[in-house]
Amino acid sequence: QVQLVESGGGLVQAGGSLRLSCTASGRTYSSYAMGWFRQAPGKEREFVAAINWSGGSTAYADSVKGRFTISRDNAKNTVILQMNSLKPEDTAVYYCAASFGTAAAVTTRTRYSYWGQGTQVTVSS
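Keep in mind that this is a model prediction, so the values were computed, not measured.

Colleague: Any chance you could break down unusual backbone geometry for me, citing the residues and the numbers?
Modeller: Among all residues save glycine, negative phi is the norm, and among peptide bonds the norm is trans. Notably, N77 is not glycine yet its phi reads approximately 50°, a positive angle. Relative to the elements of secondary structure, N77 occurs in the loop between β7 (68-73) and β8 (78-83). The phi dihedral of S85 falls on the positive side, at around 50°, and the residue is not glycine. The topology assignment puts S85 in the loop between β8 and β9 (92-100). Exposure remark for S85: the relative accessible area of 41% places this residue in the partly exposed category.

Colleague: Residue-level account of the state of the cysteines, with values.
Modeller: In this structure the tally under the stated criterion is 1 disulfide. Sulfur-sulfur distance for the disulfide between C22 and C96 comes to 2.0 Å. Linking C22 and C96, the disulfide has an S-S dihedral of approximately 45° and is accordingly described as right-handed. On the criterion of sequence distance, the pair formed by C22 in strand β3 (residues 18-26) and C96 in strand β9 is long-range, its members being 74 residues apart.

Colleague: Please provide a residue-by-residue account of the nonpolar core, values included.
Modeller: Within the largest apolar cluster, 38 residues are counted, with the highest numbers of intra-cluster contacts made by L4, W36, L81, M83 and Y94. Listing elements by their share of this core, those giving two or more residues are β1 (2-7), β3, β4 (32-39), β5 (46-51), β7, β8, β9 and β11 (119-124). The element contributing the most residues to this core is β9, with 6 residues. Residues in contact with M83, not counting those within four places in the same chain, are G16, S17, L18, L20, R67, F68, Y94 and V121.

Quick notes on the rules
- Residues numbered from 1 in each chain as written.
- Predicted model: local features only at pLDDT ≥ 70, side-chain atom pairs only at ≥ 80, totals over all residues.
- Heavy atoms only, no water.
- Helix = DSSP H or I, 4+ residues; strand = E, 2+ residues; numbered from the N terminus.
- Buried < 20%, exposed > 50% of the residue type's maximum accessible area, 1.4 Å probe, protein only.
- Disulfide = S-S within 2.5 Å.
- Core = buried A, V, L, I, M, F, W, Y, C linked by side-chain atoms within 4.5 Å.
- Contact = heavy atoms within 4.5 Å.

The analysis is restricted to geometry; functional conclusions fall outside its scope.
Now the structure itself:
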């Protein structure tokens, strides 16, 4: 079992920045990919960014490319999502997730077995 806890959400004006953090505990001795997803009211949960175990491979949704950066520190079992140039359409609950048994930066929601509780990000115009 893996437990994931997100932090760092909040309210920010358009054009501003936020830094989300996700810390894992439990089965952290195994290699796993990490991802960030988000869900806005009335919409499905969508992929945002992913990173593989080594950190050498990353993937981003087209809507966040060039603005968001995902990174990880395996010594601290932490993954970071740095969000810059935020837009009102980035408003959502952001979730981190863990996927075991893969060397890739996984972009498919159904391949993630463990999820955090989510953190709210609100971008005002």
